[in-house]
Amino acid sequence: MNTTTSLIILALIISITLIILNNQLTMTKPNNDKLSPYECGFDPLKTMRLPFSIRFFLSSNSISTIWLSIALLLPLPWAIQLMTPMHTLTWTITILLLLTFGFIYEWTQGGLEWAE
Amino acid sequence: MSSLLSNLLSPLMYMIPILIAVAFFTLIERKILGYMQLRKGPNIVGPYGLLQPVADGMKLFTKEPIYPMNSSPMLFILAPTLALLLALSVWMPLPMPFPLANLNLGFLFLIAISSFTVYSIMWSGWASNSKYALMGALRAVAQTTSYEVTLGIILISMVLFCGDFNMQTFMTTQEPMLLVFSSWPLMMMWYISTLAETNRSPFDLTEGESELVSGFNVEYAAGPFALLFLAEYANILMMNMITTIMFLNSPMTTNQPELFTTFLILKTMLLSASFLWVRASYPRFRYDQLMFLLWKNFLPITLALCLWHSSMIITFAGLPPML
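Here is what the cut-offs are and how they apply
- Residues numbered from 1 in each chain as written.
- Chains lettered and ligands numbered in written order.
- Predicted model: local features only at pLDDT ≥ 70, side-chain atom pairs only at ≥ 80, totals over all residues.
- Heavy atoms only, no water.
- UniProt positions renumbered as here; feature names shortened; annotations may be inferred.
- Helix = DSSP H or I, 4+ residues; strand = E, 2+ residues; numbered from the N terminus.
- Rg over C-alpha atoms; globule rule 2.2 N^0.38 Å.
- Contact = heavy atoms within 4.5 Å.
- pLDDT = per-residue confidence, 0-100.
- Phe/Tyr/Trp six-rings, centres within 6.5 Å; stacked < 30°, edge-to-face > 60°.
- Buried < 20%, exposed > 50% of the residue type's maximum accessible area, 1.4 Å probe, protein only.
- Buried area = accessible area lost by both parts, 1.4 Å probe.
- Salt bridge = Lys/Arg side-chain N within 4 Å of Asp/Glu carboxyl O.
- Axes fitted to C-alpha atoms, helices over the stretch in contact; angles between N-to-C directions.
- Parallel < 35°, antiparallel > 145°, perpendicular 65-115°, else oblique.
- Left-handed = near helix turned anticlockwise from the far one by under 90°.
- Nonpolar A, V, L, I, M, F, W, Y, C, P; charged D, E, K, R; others polar.

Within an unreviewed UniProt entry, the label attached to chain B reads NADH-ubiquinone oxidoreductase chain 1, and the organism entered is Pelodiscus sinensis. The UniProt entry for chain B carries this comment under Catalytic activity (unreviewed entry): "a ubiquinone + NADH + 5 H(+)(in) = a ubiquinol + NAD(+) + 4 H(+)(out)". In its Sequence similarities (unreviewed entry) section, the UniProt record describing chain B reads: "Belongs to the complex I subunit 1 family."

Next up, the structure:
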């Protein structure tokens, strides 16, 4: 059992202990007003689920694509130690240029407009 | 006995002071914000208000935790637990000057854990079954994941200078000169990205008081709210310590390691006080301005600087040693 695992388990135990402590130390008197969702005093008029705005989906697509390219760039600290640094530089520039061209395309096509 | 020491006592000795530091950081925030607004912060509870965090902690843990009627109970309880778990675990590879676990991929671990924190925001917003919480959570998720992109690219650029994802190589690299002098544009963008990453003013749309009344944690009451709150402030302190380690690291003299710790904490506290200063000074960004800043301002510059960093060290044969 190494230190990493034990630290994560201990942090989990601390979090769960705090929540259980809160539940046990308090007396709960639930009534209808307390348990209803926050709506500035009114009863909820409609269902609570929002329609999902497409702009969030677009931005998450862009983020995914960029992170894939960054994942390709992650071995760079070891790549620059290779015996042929020109290969490394070529491939690094290729990956970054691909990323940049995709980004330029998205920018000009309006994918980043009020990119919420 | 030694396994008990390393497995139980060392992590505890990390986590308990972090929680105490977070508690007093909330007091510092209220005092500094108060003095910047020409009033005093809390000064009633103890001498100079020093017992205020204790009083806040006792209040939060003796109030009734409310689990709303239509909320999804599993996710509702899991989200704050996950938040605090991650906020405490991420301190593991930080060298102060000797880390708890000297991970060879310490910075990668950091980025992975920060990305995982997004889940807790998403689950808490969704499980609250309230329109305000959901809207706050969606905006927070989009904001956090967007700013993590520049965090990752800036990290790669800096790691290229230092040679490894290990945090102690940053100590070695900065012994001649601090990295802030060579990469100050990246440091400025990193600092602002950490402001956005921790949902801190002026990027605090997710908890926008006047718009969303506390955003994704509107339905959270006492204990779970305290956990989310602790996690947020622990993330602030951790991000500032990362900024210090990456850009402003002090020289490490093995004769006096406590001097290293002193300077590290001093610089971390100065940066955290700047977080509070920024909170008192700037109005909140509009959401599309926030996204514009990242996608159209930060991302092109960071991509260009990443290319610059990688080509420059190969061109001038300035490769970092592989330790």
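Caption draft 1: Here's a closer look at the overall build of chain B. Along chain B, the regular secondary structure elements total twelve helices and zero strands. The C-alpha radius of gyration computed for chain B amounts to 20 Å, which stays within 12% of the reference 20 Å derived for 323 residues, consistent with globular compactness. Here the C-alpha coordinates of chain B stretch approximately 65 × 50 × 45 Å along the principal axes. Considering only intrachain contacts with a sequence separation of at least 6, the fraction spanning at least 24 residues in chain B is 78%.

Caption draft 2: Seen up close, the confidence of the model for chain A. Overall, the predicted model of chain A reaches an average pLDDT of 85, with 84% of residues at or above 70. Between the elements of chain A, mean pLDDT differs from a low of 70, seen in helix α2 (residues 32–35) of chain A, to a high of 93, seen in helix α5 (residues 85–108) of chain A.

Caption draft 3: Main features of the packing of aromatic side chains. All names here are of chain B. Tallied over the full model, the rule gives twelve aromatic pairs over all chains. With a centroid separation of 5.8 Å and an interplanar angle of 65°, the aromatic rings of F25 and Y233 are classed as edge-to-face. Note that F25 is positioned in helix α1 (residues 2–36) and Y233 in helix α10 (residues 223–247), a separation of 208 residues in sequence. Residue Y233 is classed as buried on the basis of its relative accessible area of 4%.

Caption draft 4: Structural view of the interface of chain B and chain A. On the side of chain A, 64 residues touch chain B, which itself brings 78 residues to the contact. Of all residues in chain B, the largest losses of buried area upon contact with chain A belong to K131(B), W295(B) and K296(B), amounting jointly to 11% of the total for that side. Here chain B and chain A share one salt bridge between them. Where K296(B) meets E113(A), a salt bridge forms, and the shortest distance between an N and an O atom there is 3.3 Å.

Caption draft 5: Representation of the pattern of salt bridges within the structure. All names here are of chain B. Enumeration according to the criterion identifies six salt bridges over all chains in this entry. For R200, the salt bridge is made with E29, and the minimal N-O distance between the two is 2.7 Å. Here R200 is found in the loop between α8 (184–197) and α9 (209–212), whereas its partner E29 is found in helix α1, with 171 residues between them in sequence. By the burial criterion, R200 is buried, and E29 matches it. In this structure, D204 and R284 form a salt bridge, with 2.9 Å as the shortest nitrogen-oxygen distance. With a gap of 80 residues between them, D204 in the loop between α8 and α9 and R284 in the loop between α11 (257–281) and α12 (287–315) connect regions that are remote in the sequence.

Caption draft 6: Spatial organisation of the side chain of S272(B). Relative to the elements of secondary structure, S272(B) occurs in helix α11. For S272(B), the residues in contact, after removing those within four places along its chain, are F25(B), L237(B) and N240(B).

Caption draft 7: Quick look at the packing of helix α3 (residues 73–89) of chain B against α10(B). Residues and elements named next belong to chain B. At a minimum axis distance of 8 Å, the contact between α3 and α10 shows a crossing angle of 30°. By the angle class used here, α3 and α10 are roughly parallel. At the point where α3 passes α10, the crossing takes the left-handed sense. Contacts between α3 and α10 pair P80, T81, A83, L84 and A87 from the former with P224, L227, L228, L230, A231, A234 and N235 from the latter. Considered class by class, the residues forming the contact of α3 with α10 number ten nonpolar, two polar and no charged.

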